[in-house]
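# Examination of the molecular architecture
Next come the chains, spelled out residue by residue.
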Amino acid sequence: MENAYDPEDPRLLRIHADRIIKRDIDQLLGICEFALQDGHIDQTEAHSILSWLHNHRLSIDTWPASVLYDRLRYMLADGHLDEDEQRDLLTLIMNIASPRSSAGNVVPTALPLNTPAPPVTIEGHSFCFTGVFDFGKRADCHGAIEQRGGIPAGSITKKLHYLVIGNIGSDVWRHSSFGSKIAKAVDYREAGAPLAIISESYWAARLR
């Protein structure tokens, strides 16, 4: 009997591509929201977003990636983001960052936390933190890790053990924020790195 499943069926390939694009656009919206946390977009953040778009080319023809990709390439073509371009980019990202449903409500995207949540071993393991924490300042989080024999990390690498996502003070941002650290961690995790993404509340509960 002939196998009815054909992995090269264009319809199946399109469904798979659509899922990837939807995931990427959700992440892009969260990256934009996270970038607005301090009220401005600087050149480093602009380059980070453009780099993320380069690495997620399947979504480049889909709004808002299409608009943001073209605008960022134009603005950064000379290697410099001037004040007028910063203002224009800020306005664009503010318009992009809070998608609305047809009922006018903010559409949340899910944080890419490990499900189920993994065991947390602090001693001898590395922790990177992103966001704003109820626990305290970033230095307080690092101190809590060091006191228990863990290793604070300032950036995402393939050898990182845990990325901890903090609360940002807004219900919308708390449930839909993807910063550049989060996007990179997701990429590494999906590529097979033993990296876990956990919430602040889950991490803090394991300190007791």
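Residues numbered from 1 in each chain as written. Predicted model: local features only at pLDDT ≥ 70, side-chain atom pairs only at ≥ 80, totals over all residues. Heavy atoms only, no water.

Quick look at the overall build of the chain now. Within the chain one finds 8 helices and 4 strands. For the chain, the succession of helices and strands along the chain, N to C, is α-α-α-α-β-α-β-β-α-α-β-α. Taken across its 208 residues, the chain has 40% of its residues classed as buried. Taking the contacts inside the chain whose residues are at least 6 apart along the sequence as the reference set, 77% of them involve residues at least 24 apart. (Helix = DSSP H or I, 4+ residues; strand = E, 2+ residues; numbered from the N terminus. Buried < 20%, exposed > 50% of the residue type's maximum accessible area, 1.4 Å probe, protein only. Contact = heavy atoms within 4.5 Å.)

What follows covers the confidence of the model for the chain. The pLDDT averaged across the chain works out to 79; a share of 77% of its residues lies at or above 70. The secondary structure element of the chain with the lowest average pLDDT is helix H6 (residues 171–176), at 38, and the one with the highest is strand E2 (residues 151–153), at 96. Note that residues 99–109 has pLDDT below 50 and, in this model, 15 contacts with residues that lie over four places away or in other chains. Low pLDDT, under 50, characterises residues 168–178; the predicted model gives this stretch 34 contacts beyond four residues in sequence or across chains. (pLDDT = per-residue confidence, 0-100.)

Let us look at the sheet that holds strand E4 (residues 196–199). The 4 strands are arranged E2-E1-E3-E4 in an open sheet whose pairing can be described as parallel. Across the chains shown, the open sheet's two edge strands, defined by having one partner strand only, are E2 and E4. Pairwise comparison of adjacent strand axes, ignoring direction, gives a mean angle of 30° for this sheet. Strand direction decides the pairing type here: strand E1 (residues 126–130) and E2, joined by 3 bridges, are parallel. In the sheet register, Phe127 faces E2, and the bridge partner there is Pro152. Across the sheet, helix H5 (residues 138–147) touches E1 and E2, and the angle it forms with E1 is around 165°. (Pairing = 2+ DSSP bridges. Axes fitted to C-alpha atoms, helices over the stretch in contact; angles between N-to-C directions.)

Turning next to unusual backbone geometry. Residue Pro64 is bonded to the preceding Trp63 through a cis peptide linkage, with omega at 0°. Tracing the sequence through the fold places Pro64 in the loop between helix H2 (43–54) and helix H3 (65–75). The residue after Thr115, namely Pro116, is reached through a cis peptide bond having omega 0°. Position of Pro116 among the secondary structure elements: in the loop between helix H4 (83–97) and E1.

Another aspect to go through is the packing of H2 against H3. At a closest axis distance of 10 Å, the pairing of H2 and H3 adopts a crossing angle of 125°. If you check the angle between H2 and H3, you find them oblique. The hand of the H2/H3 crossing is left-handed. Every residue of H3 that contacts H2 at Ala46, Ile49, Leu50, Leu53 and His54 is listed here: Ala65, Leu68, Tyr69, Leu72 and Arg73. A breakdown of the residues in the contact of H2 with H3 according to their chemical character gives 8 nonpolar, 1 polar and 1 charged. (Parallel < 35°, antiparallel > 145°, perpendicular 65-115°, else oblique. Left-handed = near helix turned anticlockwise from the far one by under 90°. Nonpolar A, V, L, I, M, F, W, Y, C, P; charged D, E, K, R; others polar.)

Note on placement: His56 falls in the loop between H2 and H3. Side-chain polar atoms of His56 contact the side chain of Asp187, separated by 3.4 Å. Contact partners of His56, with chain neighbours within four places excluded, come to Asp24, Gln27 and Asp187. (Polar contact = N/O pair within 3.5 Å; in protein donor to acceptor, adjacent residues only side chain to side chain.)

Turning our attention to the nonpolar core. Of all hydrophobic cores here, the largest spans 28 residues; its most connected members are Leu28, Ile49, Leu53, Leu68, Leu72, Leu89 and Ile93. Elements with a minimum of two residues in this core: helix H1 (10–35), H2, H3 and H4. Of the residues forming this core, the biggest block, 7 residues, is contributed by H1. Aside from chain neighbours lying at most four places away, what touches Leu68 is Leu28, Cys32, Ile49, Leu53, Leu89, Leu92, Ile93 and Ile96. Grouped together as the second largest cluster of nonpolar side chains are 15 residues, Ile122, Phe133, Ile145 and Tyr162 included. (Core = buried A, V, L, I, M, F, W, Y, C linked by side-chain atoms within 4.5 Å.)

A word on the environment of Arg87. With respect to the element layout, Arg87 can be found in helix H4. Under the relative-accessibility criterion, Arg87 is labelled partly exposed at 47%. Taking the C-alpha atoms as reference points, Arg87 and His40, 47 residues apart in sequence, are found 8.1 Å from one another.

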